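Commentary on secondary and tertiary structure
So you can see what is in the structure, the chains are spelled out below.
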Number of protein chains: 2
Amino acid sequence: MATIKDVAKLAGVAVSTASYALNNVNKVSPATMKKVQEAARELNYFKNGFASDLKRTKTNTIALILRDLSGPFYSELIKGVQEVTTANGYDLIACSSVGGAQSTAAKFLKEKRVDGAIILAHNITNDIVLESAREGFPIVVLDRKLDHEFVYQVEVDNIHGGYAATEYLINKGHREIGYVSGPMNSHDNEMRFDGYMSALKDHGIQYQNKWKVSGDFTREGGYRATKMLIAQRQLPEAIFYANDEMAIGGLQAFKENKISVPEDISIIGYDDIQLAEYVSPPLTTVRQPKYEVGALAVHVVFQALAKEDSVENYYNLSTEIVERKSVK
Amino acid sequence: MATIKDVAKLAGVAVSTASYALNNVNKVSPATMKKVQEAARELNYFKNGFASDLKRTKTNTIALILRDLSGPFYSELIKGVQEVTTANGYDLIACSSVGGAQSTAAKFLKEKRVDGAIILAHNITNDIVLESAREGFPIVVLDRKLDHEFVYQVEVDNIHGGYAATEYLINKGHREIGYVSGPMNSHDNEMRFDGYMSALKDHGIQYQNKWKVSGDFTREGGYRATKMLIAQRQLPEAIFYANDEMAIGGLQAFKENKISVPEDISIIGYDDIQLAEYVSPPLTTVRQPKYEVGALAVHVVFQALAKEDSVENYYNLSTEIVERKSVK
DNA sequence: CTGTTAGCGCCTTCAT
DNA sequence: ATGAAGGCGCTAACAG
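A quick note: this is a predicted structure, and the numbers were derived from the prediction, not measured.

Reading the values: the criteria
Residues numbered from 1 in each chain as written. Chains lettered and ligands numbered in written order. Predicted model: local features only at pLDDT ≥ 70, side-chain atom pairs only at ≥ 80, totals over all residues. Heavy atoms only, no water. Contact = heavy atoms within 4.5 Å. Buried area = accessible area lost by both parts, 1.4 Å probe. Salt bridge = Lys/Arg side-chain N within 4 Å of Asp/Glu carboxyl O. Polar contact = N/O pair within 3.5 Å; in protein donor to acceptor, adjacent residues only side chain to side chain. Helix = DSSP H or I, 4+ residues; strand = E, 2+ residues; numbered from the N terminus. Nonpolar A, V, L, I, M, F, W, Y, C, P; charged D, E, K, R; others polar. Pairing = 2+ DSSP bridges. Axes fitted to C-alpha atoms, helices over the stretch in contact; angles between N-to-C directions. Parallel < 35°, antiparallel > 145°, perpendicular 65-115°, else oblique. Left-handed = near helix turned anticlockwise from the far one by under 90°. Near = heavy atom within 4 Å.

Accessible area lost upon the coming together of the parts serves often as the stated size of an interface. Taken together, the contact between chain B and chain A spans 44 residues of the former and 44 residues of the latter. When the two sides are added together, the surface that chain B and chain A hide from each other amounts to roughly 4,000 Å², 58% of it contributed by carbon and sulfur. Of all residues in chain B, the largest losses of buried area upon contact with chain A belong to Phe46, Phe50 and Tyr278 of chain B, amounting jointly to 17% of the total for that side. Seen at the junction of chain B and chain A, the total is four salt bridges. The partner of Arg113 of chain A in a salt bridge is Asp53 of chain B, and the shortest N-O contact between them spans 2.1 Å. Counting the contacts that link chain B with chain A gives 17 residue pairs in polar contact (both at pLDDT 80 or more). A total of six residues in the side of chain B that touches chain A trace back to one element, the largest contributor, which is strand 2 (residues 91-96) of chain B. Grouping the amino acids of the side of chain B that touches chain A by side-chain chemistry returns 18 nonpolar, 13 polar and 13 charged. In this sheet, strand 2 of chain B lies alongside strand 2 (residues 91-96) of chain A in antiparallel orientation, the contact comprising three bridges. Bridging across to strand 2 of chain B, Ile93 of chain A finds its partner in Cys95 of chain B.

Following this line, the structure appears as structure tokens:
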């Protein structure tokens, strides 16, 4: 592997000159420039990224940390992140948090291998985030509440989203409304549930514990939760699934039991994932502004990096109901 | 930011001792070990990843390069890559190649910021791959043919897949079979088309140029291509879409024109993406062993890294037809 | 405009 | 078992 030294030697200049030439610093004569570039090409030289990063203590890349690279994560969100990152001349890498504290993600955070990070991965503990964030290493979390000078939150207003979903069902004439929840430790789930509760309360409907069942945010979980509800032999008139994946699992369960949606029961999901519109019946759901979340998140990272005074630690975006055919 | 020096000082030992202690080298007394670890904790010390990588000239991470992080890329493939990578104690990062030669991906390749890479991204030119690969930096390509000592190929037998898809249609009694192609520069597309042609030929069917139309591997492209075919006012009996995304776009076009699938026309896709089974009618398609491709790809990287003699430069996996309801 | 040089933070050989 | 010291490849003062 050729180093900058080799290039300098071949070009007959000092290393610093070679460095300047290679980095286009306006400080070197066109002739030298050319000599150096030719030498570099001849040796098939490429800078060693680490050495460079080490020296500048800056990587020019930001990380997007996802629980599972292969999961049905929000492609719109990634798009938002990606576009803004690129527009700012930074690089983006995605890394997975499978393995928790031992994961690649945790390592990148702790060892500060990037200039900033955006996290959407429950299994990265708050501790890791808190001890990694620092001046010059802003972290934005999309999935939790955290109080730290250099940790920023952007979230969608899930309380309002949960409220809206529930109220939508109520306005359609339903009074008995089930809730299939995500994992208990999920902040998103908690907020959606809060919204659900408030809507019930504001409309004078009594909350019934038997109609709350947990589905873990997975399709499989939604399926099982729905089967449980069905097994109770007393279904509510409508169900609010805390995410679309679970709702799709629920659809499957209803189908197997010949319960038809929305004739026999109405259901509403949350997220508006791509599949939602293709499922049968098409799923009425709550859309989150995913692209905006992603774009805003990176934007915040850059603002923090630039030490702009105007950065807030907390941002909130709102949701919107998308009506399809799963509610009567 | 605390460095190893600070830790050593606080623990009252030399830097080297601190390094040994921190890296669990069996060379330091338990007492010293403890002192150092405590000092590290107290200072909230974490090693600087770059310095470490620079010194060892090894990153312990491999990169998966995808054309578009947000695209509907194969989650099964990623899963295969991820699991095997993790099982080998390596880290995995995904990076996007949007931007081509200026992309993050190209940078990681050229600057050798990882120990190995797996590429599924047409817009990374062969040149970049060829000049980046070298001893100690194996690259496996999933989407092209390339001849280089340290470039490995794993591909699925797309020729056979294309053949099988076409033959399936023929066996169902269709003689007029259209082909909606991916981009011309796609090796995958080319192979599928070759398979299509051979099947036609082997069954004594004349290839008709008017039934080949390009769809760019996107849903939108498939939609437009199908509209074009419809506009020709003379539809084939069946269409082979070179991927599922395009087939789904086609489904949409047919629906809008009240042409029903499979009654009026049969269609078959390729890939077996997740959506395929949810679309209406469920799409008959050719499944690729995606998980296996991913797993094998990383496996090859590790073999190459270990300089095993048994590594081949070329691997081939086979496909399978999954019958659903879009072919009559 | 070009060259010399001092580190960036860490690992590791060599002596002790 | 521990310490001193060199250097990985690069950048950026600083001096000329």
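Picking up after the structure, the text goes on.
Further remarks concern the packing of helix 8 (residues 158-171) of chain B against helix 9 (residues 187-202) of chain B. All names here are of chain B. Their axes nearest at 7 Å, the elements helix 8 and helix 9 cross at an angle of 40°. One finds that helix 8 runs oblique with respect to helix 9. The way helix 8 lies across helix 9 gives a crossing that is right-handed. Residues Asn158, Ile159, Gly162, Tyr163, Thr166, Glu167 and Ile170 of helix 8 lie in contact with helix 9, whose contacting residues are Asp188, Met191, Arg192, Gly195, Tyr196, Ser198, Ala199, Leu200 and Asp202. Residue classes in the contact of helix 8 with helix 9 are distributed as seven nonpolar, five polar and four charged.

Attention shifts here to the sheet that holds strand 4 (residues 139-141) of chain B. With mixed pairing, the twelve strands of this open sheet are ordered in space as 11(A)-5(A)-4(A)-3(A)-1(A)-2(A)-2(B)-1(B)-3(B)-4(B)-5(B)-11(B). The sheet is open, and its two edges are formed by strand 11 (314-317) of chain A together with strand 11 (314-317) of chain B, each paired on a single side. If you compare each strand with its neighbour and ignore which way they point, the axes differ by 20° on average. Summarising the sheet, strand 4 of chain B and strand 5 (residues 151-156) of chain B pair through three bridges and their orientation is parallel. Directly across from Ile139 of chain B, in strand 5 of chain B, lies its bridge partner Val151 of chain B.

Surrounding DNA strand C, one finds 25 residues, the nearest of these being Thr32 and Lys55 of chain A together with Ile4, Tyr20 and Tyr45 of chain B. Each atom of DNA strand C within 4 Å of the protein belongs either to a base or to sugar and phosphate, the latter forming 56%. In this structure, a phosphate oxygen belonging to DNA strand C sits 2.5 Å away from a main-chain N or O atom of Ile4 of chain B. Elements represented by at least two residues in the surface near DNA strand C include exactly helix 2 (15-22) and helix 4 (49-56) of chain A together with helix 2 (15-22) and helix 4 (49-56) of chain B. For the surface near DNA strand C, a count of residues per class yields nine nonpolar, ten polar and six charged.

The subject of this paragraph is the protein's contact with DNA strand D. Near DNA strand D there are 23 residues, and of these Ile4, Tyr45 and Lys55 of chain A together with Ala14 and Thr32 of chain B occur at the shortest range. One of the side-chain N or O atoms of Tyr20 of chain A is found 3.5 Å from a base nitrogen in DNA strand D. Here a base nitrogen of DNA strand D and a side-chain polar atom of Ser16 of chain B are 3.0 Å apart. Contributing elements (two or more residues each) for the surface near DNA strand D: helix 2 and helix 4 of chain A together with helix 2 and helix 4 of chain B. Here the residues of the surface near DNA strand D sort into eight nonpolar, ten polar and five charged.

Nothing here speaks to function; it is all geometry.
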